[in-house]
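Examination of the molecular architecture
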Amino acid sequence: MLPYFPFKDDTFKMAMGVQALDSGCLIEIDEEQYQSELALKNALLLDAYREYFQALPDTEAAQWEVVELLLQNMVAHYPQYFALVQDGKHWRWRNQLLGEETRFLFGERERLPLPPLDWVGRQVQEDLLIMQNTDDGRMPLVAGQLCFPSTWCLDDKMQQSFLTIHQSVPLFAEYIGRSSSLLLQRLKVGRPVWRLNWSIKATARLNHTPRFHHEELQAAREITLANIGERCFLRIERQGLVRLPLTNAILFTIHTYQAPLVQVVAKAEYARRMYTVVRTMPEEMRRYKALVSFVDVLLEYLADQGRQDKM
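Reference entry: report on the structure contained in this document.

A few words on the sheet that holds strand E9 (residues 233-243). Reading across the sheet, the seven strands line up as E1-E8-E9-E10-E6-E7-E2 and stay open at both edges, with antiparallel pairing between neighbours. If you trace the sheet from one side to the other, it starts and ends with strand E1 (19-20) and strand E2 (53-55), each paired once. When strand E6 (residues 127-131) meets strand E7 (residues 141-145), the two strands line up antiparallel, connected through four bridges. Within E7, the position partnered with leucine 129 by the bridge is glycine 144.

What you see with strand E4 (residues 90-95) is a clean split: Trp91, Trp93 and Asn95 sit on the buried side and His90, Arg92 and Arg94 on the side with no burial. Judged from the six bridges that link them, strand E3 (residues 82-87) and E4 form a sheet pairing that is antiparallel. Each residue of the ladder has a partner; that of alanine 83, found in E4, is arginine 94. Where E3 hands over to E4, the hairpin turn is made up of two residues, of which glycine 88 adopts a positive phi near 65 degrees. Across six bridges, E4 lies against strand E5 (residues 100-105) in antiparallel orientation. The residue of E5 that forms the bridge with arginine 92 is arginine 103.

Quick look at the environment of alanine 20 now. One can find alanine 20 in strand E1. The partly exposed category is assigned to alanine 20, whose relative accessible area is 43%. Separated by 222 residues in sequence, alanine 20 and valine 242 have C-alpha atoms that sit 11 Å apart. Not counting chain neighbours up to four residues away, the residues in contact with alanine 20 comprise Pro192, Val193 and Trp194.

Glancing now at helix H8 (residues 213-221). For H8, the set of buried residues is Glu216, Ala219 and Ala220. Seen along its axis, H8 keeps its buried residues to an arc of 100 degrees; they face one direction. Pointing more than 90 degrees away from the buried face of H8 are the exposed residues His214 and Arg221. Where H8 is buried, its residues meet strand E8 (193-201) and helix H9 (228-231).

Okay, the side chain of serine 150 next. Along the chain, serine 150 turns up in the loop between E7 and helix H5 (154-157). There is a polar contact of 3.3 Å between the side chain of serine 150 and the side chain of lysine 201.

For leucine 128, the position within the fold is in strand E6. Residues leucine 128 and glutamine 145 lie 17 residues apart in sequence; the distance between their C-alpha atoms is 5.4 Å. Apart from the residues lying within four places of it in its own chain, the contact partners of leucine 128 are Leu70, Leu117, Val120, Gly121, Ala143, Gly144, Gln145, Leu251, Phe252 and Thr253.

Analysis parameters
Residues numbered from 1 in each chain as written. Predicted model: local features only at pLDDT ≥ 70, side-chain atom pairs only at ≥ 80, totals over all residues. Heavy atoms only, no water. Pairing = 2+ DSSP bridges. Helix = DSSP H or I, 4+ residues; strand = E, 2+ residues; numbered from the N terminus. Buried < 20%, exposed > 50% of the residue type's maximum accessible area, 1.4 Å probe, protein only. Contact = heavy atoms within 4.5 Å. Arc of directions from axis to C-beta. Polar contact = N/O pair within 3.5 Å; in protein donor to acceptor, adjacent residues only side chain to side chain.

Now the structure itself:
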């Protein structure tokens, strides 16, 4: 079952929904999916490295900050899985889930087998992105390991500002663009925040880069009332924002979870809440989320499931 249910309101609302990350847990370990998702990351990076990892030359300091921050955070929250021994610059990292140990000199690129952000990205299920702090508040994307995107890719967004990256999102600029930008500019060190994003996909694919969009469109055209429960997936992104203390850059983490609709609507209340949100969603947002081709079927399915008490 999904660890989160993102539909909190009875109608669609364009809102950031950001809250303080009180637990301080920057990385979530889904042990059931960990091995397969890390294997998928490695396969994608092997197949098309630049499509899934890019970093500008002047980002290495921020990448090392991410390594330090995440390794220490993972040990603090998951000591049963990870261990870190630090002796000055000599670090030894033990990942029990992968059965791997890595020894390196912290801050020395040649002593790691991969760029720092890429290496630490292969320890976690999250996608990891770094936005640079700038005096003009643009906060461009300058580095990222992005293996499980939802209809975007690094080639399209690298070096773009935060607002430019989101200009294709309907209603974003009008409703939450300025407040979102201010949120990032005012983000404090040691006070991470998080939010949930959601979509409904017609395939179980985690990697929704634009070059696979045709597969999603074809699958969406094949959705019927008889198969939608098993073939459509509620996809949730747990997104975190963390200010890095030395470079002042921002780390953006995305942990993607998904489950077939039939599992999600096992609770009739969930089906009813999803129905009212999708029903009141503006047409341009339905198009953006690629729901248009099967939205009528989706609404009928959710209405049917919502009438059944399955608690």
